[in-house]
Each structure stands twice: as structure tokens, then as C-alpha cells.
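Coordinates in review
Residues per chain are reported as follows:
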Amino acid sequence: MLKKNRNSALLEREDLVTWRRSYLDKIRHYRAQNRPIYYLDETWVNAGETHNKAWLDTTVKSSRDAFLNGLTTGQKQPSGKGKRLIVLHIGSTDGFVPGGLLCFESKTNSSDYHDEMNGDTFFEWFVKTLPLLKENAVIVMDNASYHSVKKHKIPVMSWKKQAIIDWLESKGEVVKHPIVKNDLMKKVRKISNQYDQYVIDEYAKENNNLVLRLPPYHCELNPIELAWSSVKSYVRTHNNTFKLNDVLELLKKGVDHVTPEMWTNFVGHVIKEEDKFWNIEHTTDELIDNELGEGGSHVLLIGTGDSSNFDDSDDD
């Protein structure tokens, strides 16, 4: 069901380890405060969703034979995936949030369903969905570009020099001339943190909620991935027309099929994964220290099967 497509190591990039430990520390803190925690994510469902298995009656040798015996060989399974629905939802241990489902037909042939979503569509959905959540909620999401639209544009080196000067002066900074672009960017970096804000995060704060972003490459820490797996399994089991409108109805039924009890189990599974990650750095430190010895410099890389990404292109 879950495919491991990331060969991780106990020794990882320092920034990812820092992000992960910060995330784990925060979500543990929010759970201790009994704050409601919601998880959101996008996925897709194809019109041709079906299990790659079929029941065969070996006594029926052809379509004509089936016809003469009053049987049917069934509708031919589509050769391709066909049209596609883009799906967005949010849930917690209480289940999927009623009224939180967003579903629309894909308009492109892009292989990446993320291309179908944009910041405006996501923000509109977010504004509509936020009142459906409990008060003082924590909303967990990944770092997709449409989740991460910046409230303020911050200069980068590719900006024209005058544009950087204008930006700095608009923030009350004094720019002495002549000045080179490199020195302008140093000034930008000194003050950029106070303007490095996401539209979604700020809107959530204004409404007494909080956005918490998953560390990159850690979608196994989002229980909605397991919920999506259940929804798609329901669609594949019951899909026999391969028509998008019918698949949409199956999708809705599949969402209803995921109970609060199932969501509670999914969250419980993720908490166990969080505990593994929380402890992994201690294990890494000990292993590396043992490998290094006194004043050593050898670095030990050890693969682990605990870190996996979800690949729902086939089976979820």
C-alpha cells in the first residue's frame, strides 16, 4: 500500500533534521495542550481507477460462449487512466470535516496533479473551510507552492538594482549612494525575516488558528495519506463504469466510508512514526560517536526503512 521511494540515511542534511525536530517538538506540545489538530492534503482520482485484478470463469471461452449461456463478460476495463479529479480535504480524529471536500475535474494532461492547484483556489477553499474547524486549531500541511504563497515579495539577486532600493526604502531603510547590489542584498537579508510571511499562515493567525508545516519529504507523518488510501480503495473496488461523474459519487461515498475510528487509528499510526523519528537522532549520535572513536573523522551512513514517501500513482 505504501511505497518506499526515498533511500534515507540516519545521517541527513542538517536543515532537514532541524526542521523535523522542530515540527515534532511543536506537535507534541500542541497535543499536550489538547488543541484540535487537523491534517489537509490534495490527491487525485482517475476515471479508470480499478484494482488490477479480475475474476475469470474458465468454463467461458469467448464472448459468444458467454452470450449463449446468458452471461456477460462485463465492461471492458479502460486501457488508460482517463479523465481525472483533483481532490482536497481536511480531517482529524473526528473524521473528515463535513463540508471540507473540494473536488474538480483536471483540465490538463500534466503528470503532476499539483499543477492543477494554485494559491487563489487553495486560499478560497481555506477561507471557506476554516469556520468549520474547532477553535484554536492546529492545521498541518505540506510545503506545496500553493500552500506557501508569500504575503510580501522579498528581493532576490535577480531583481533590478533600483527595485531592491525601492523595496528597502519602502521598509524605512536608508540607502546611501553609491552602493553595489551585493551590499543591497545584505541589507535585505538583515530585515527579511520580519517580512517572510505566508498568506495562509497570517490568515489562520487572524482567526485564532495556527498552521504547522510538515518537514520536506515526510508525508508519512500526515495521516490523511492513509485516509486517501482507503478512499481510493473504495473507488477502485466499486468502479465499474469508468465514467467521471460516477467516480465522483464513489469518491464521496469513499470519504463517508472513512470513519472517525479509522482516522483515530491513522493518527495513532503517525504518532508511532513521529516517535521513531524523535528517537532516531539519538541513535545516530551514538552510532557515529562509536564509529568515530577518539578524534576520528569517519562518517557512518546507515540506511533505514522507517522513512518512506507515499506514492499513490498505483496503490495507495
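Scroll up a little and you will see the structure.
Residues numbered from 1 in each chain as written. Predicted model: local features only at pLDDT ≥ 70, side-chain atom pairs only at ≥ 80, totals over all residues. Heavy atoms only, no water.

Here we look at the overall build of the chain
Under the convention used in this document: Counting from the N terminus, the helices are DSSP H or I runs at least four residues long and the strands are E runs at least two residues long. Relative accessibility decides the category of a residue: with a 1.4 Å probe and only protein chains considered, values under 20% of the type maximum give buried, values over 50% give exposed, and everything between is partly exposed. Contacts between residues were defined by any pair of non-hydrogen atoms, one from each residue, lying within 4.5 Å. Under the convention used here, a 1.4 Å probe and the Shrake-Rupley method define accessible areas, while residue burial counts only the protein chains that appear.
Counting its secondary structure elements, the chain contains 9 helices and 8 strands. Expressed as a percentage of its 316 residues, the buried residues of the chain come to 41%. Pairs at least 24 residues apart make up 77% of the contacts formed inside the chain by residues separated by at least 6 positions. Split by element, the accessible area of the chain, about 18200 Å² in all, is 50% carbon and sulfur.

Structural notes on the side chain of H147
Operational definition: Think of a polar contact as two N or O atoms within 3.5 Å of one another; within protein, one of them needs to be a possible hydrogen donor and the other a possible acceptor, and neighboring residues in sequence only count if both atoms come from side chains.
Here H147 shows up in the loop between β6 (138-141) and α4 (161-170). Overall, the relative accessible area of 0% leaves H147 in the buried class. Reaching out from H147, the side chain makes a polar contact with the side chain of D142 at a distance of 2.9 Å. Contact partners of H147, with chain neighbours within four places excluded, come to L40, E42, F122, M141, D142, I200 and R213.

Quick look at the packing of aromatic side chains
As a reminder, the rule being used: Between 30 and 60 degrees the pair is tilted, below 30 it is stacked and above 60 it is edge-to-face, where a pair is any two Phe, Tyr or Trp rings, Trp via its six-membered ring, whose centres lie within 6.5 Å. We call a charge positioned over a ring when the NZ of a Lys or the CZ of an Arg lies within 6 Å of the ring centre and within 35 degrees of the ring normal.
Scanning the model with the defined rule gives 8 aromatic pairs in all. The side chain of K232 reaches across the aromatic face of W44, ending 4.3 Å from its centre.

Focus on the nonpolar core
The test is simple: Take the buried Ala, Val, Leu, Ile, Met, Phe, Trp, Tyr and Cys residues and link them wherever side-chain atoms come within 4.5 Å; each set so joined is a nonpolar core.
The biggest cluster of nonpolar side chains holds 35 residues, and the ones touching the most others in it are Y23, Y39, F96, V140 and W263. If you list the elements that add at least two residues to this core, you get α1 (14-32), β2 (37-46), β3 (84-92), β6, α7 (224-238), α8 (244-257) and α9 (260-292). For this core, the leading source of residues is α7, giving 7 residues. Judged by nonpolar contacts, the second largest core, of 21 residues, contains W44, L130, A137 and M141.

Structural notes on the pattern of salt bridges
Cut-off, in case you're wondering: Salt bridge, as applied in this entry: a Lys or Arg side-chain nitrogen positioned within 4 Å of an Asp or Glu carboxyl oxygen.
Under the criterion given, the structure shown has 11 salt bridges. Put simply, D275 and R28 hold a salt bridge, and the shortest N to O gap is 3.0 Å. Placement of the pair is D275 in helix α9 and R28 in helix α1, with a sequence separation of 247 residues. Assessed through its relative accessible area of 30%, D275 is described here as partly exposed.

Side note on the packing of α4 against helix α5 (residues 181-191)
Going by this rule: Between N-to-C directions, angles cover 0 to 180 degrees, with each direction set by a line fitted to C-alpha atoms, over the stretch in contact for helices. Should the near helix be turned anticlockwise from the far one by less than a right angle, the crossing is termed left-handed; should it be turned clockwise, right-handed. Residue polarity follows a fixed list, in which Ala, Val, Leu, Ile, Met, Phe, Trp, Tyr, Cys and Pro are nonpolar, Asp, Glu, Lys and Arg are charged, and the others, Gly among them, are polar.
One way to put it is that α4 packs onto α5 with a least axis distance of 10 Å and a crossing angle of 35 degrees. For the pair α4 and α5, the crossing hand works out as left-handed. Contact with α4, carried on its side by K161, I164, I165, W167 and L168, involves K181, L184, M185, K187, V188 and I191 of α5 and no other residues of that element. Split by residue class, the contact of α4 with α5 holds 8 nonpolar, no polar and 3 charged.

Notes on α7
Our working rule: An expected span of 1.5 Å times one less than the residue number is assigned to each helix.
Relative to the 21 Å expected for 15 residues at 1.5 Å per residue, α7 spans 21 Å between its end C-alpha atoms, a close match to the ideal helical length. Taken across its 15 residues, α7 has 12 buried, putting it largely inside the fold. What α7 keeps buried is the set I224, E225, L226, A227, W228, S229, S230, V231, K232, Y234, V235 and R236.

Geometry only, nothing functional implied.
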